Amino acid sequence: MKKVLFNLEVIDGYPPVSMESIWAEVTEESYFKINNIPFYSKEISLGDIVSVIQKEENYLLYDKTIIHSKNSTLRIVFFNENQKFKDNILTKLIDLGCESEAFNVNFYAINIPIQVDIEEIYIFLDGFVETNDLDYDTGYLAQ
């Protein structure tokens, strides 16, 4: 596994970093398969195959996407800090076929496979946006 770096466009202080590092595994064709859900990059999703530019010995910079996995990415920030509430939301997303990865206790990246109806995910989350329990942002959308 190698870390691939992604340059990020920071607008009004978001995201809070200008680069994101994402784990990837080398493919037989010397490309890299994205191995974790991105928290900030809007260019890729879990399972995408990408090419890189070798900047230094251990510095791999994202170049372009070779094959999109057809996964989509959402990011959820929880304002309701009740752990049971968060667990219920994440369990429902898993039950719908998604995967999640925690950045911290209130910020999660969600992978939505192509076979999962993303509109169902939006409808589910929108009710909690209206009550100010959470908000979400889209990453790369394949659907």
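These numbers come from a predicted model, not from an experiment.

A.B. asks: Could you give an account of the packing of helix 1 (residues 83–95) against helix 2 (residues 118–130), naming the residues involved and the relevant values?
C.D. replies: For the pair helix 1 and helix 2, the least separation of the axes is 11 Å and the interaxial angle reads 165°. As judged from the angle between their axes, helix 1 and helix 2 are roughly antiparallel. Once helix 1 is placed against helix 2, the crossing between them reads as right-handed. Contact residues: helix 1 offers F85, I89, K92 and L93, while helix 2 offers I121, F124, L125 and F128. Per-class residue counts for the contact of helix 1 with helix 2 are 7 nonpolar, no polar and 1 charged.

A.B. asks: Outline the pairing of strand 7 (residues 99–104), listing residues and values.
C.D. replies: Relative to strand 8 (residues 107–112), strand 7 is paired through 5 bridges, and the arrangement is antiparallel. Considered in strand 8, the bridge of E99 is made with N111. Hairpin connection, strand 7 to strand 8: the antiparallel pair is bridged by 2 residues.

Parameters at a glance
- Residues numbered from 1 in each chain as written.
- Predicted model: local features only at pLDDT ≥ 70, side-chain atom pairs only at ≥ 80, totals over all residues.
- Heavy atoms only, no water.
- Axes fitted to C-alpha atoms, helices over the stretch in contact; angles between N-to-C directions.
- Helix = DSSP H or I, 4+ residues; strand = E, 2+ residues; numbered from the N terminus.
- Parallel < 35°, antiparallel > 145°, perpendicular 65-115°, else oblique.
- Left-handed = near helix turned anticlockwise from the far one by under 90°.
- Contact = heavy atoms within 4.5 Å.
- Nonpolar A, V, L, I, M, F, W, Y, C, P; charged D, E, K, R; others polar.
- Pairing = 2+ DSSP bridges.

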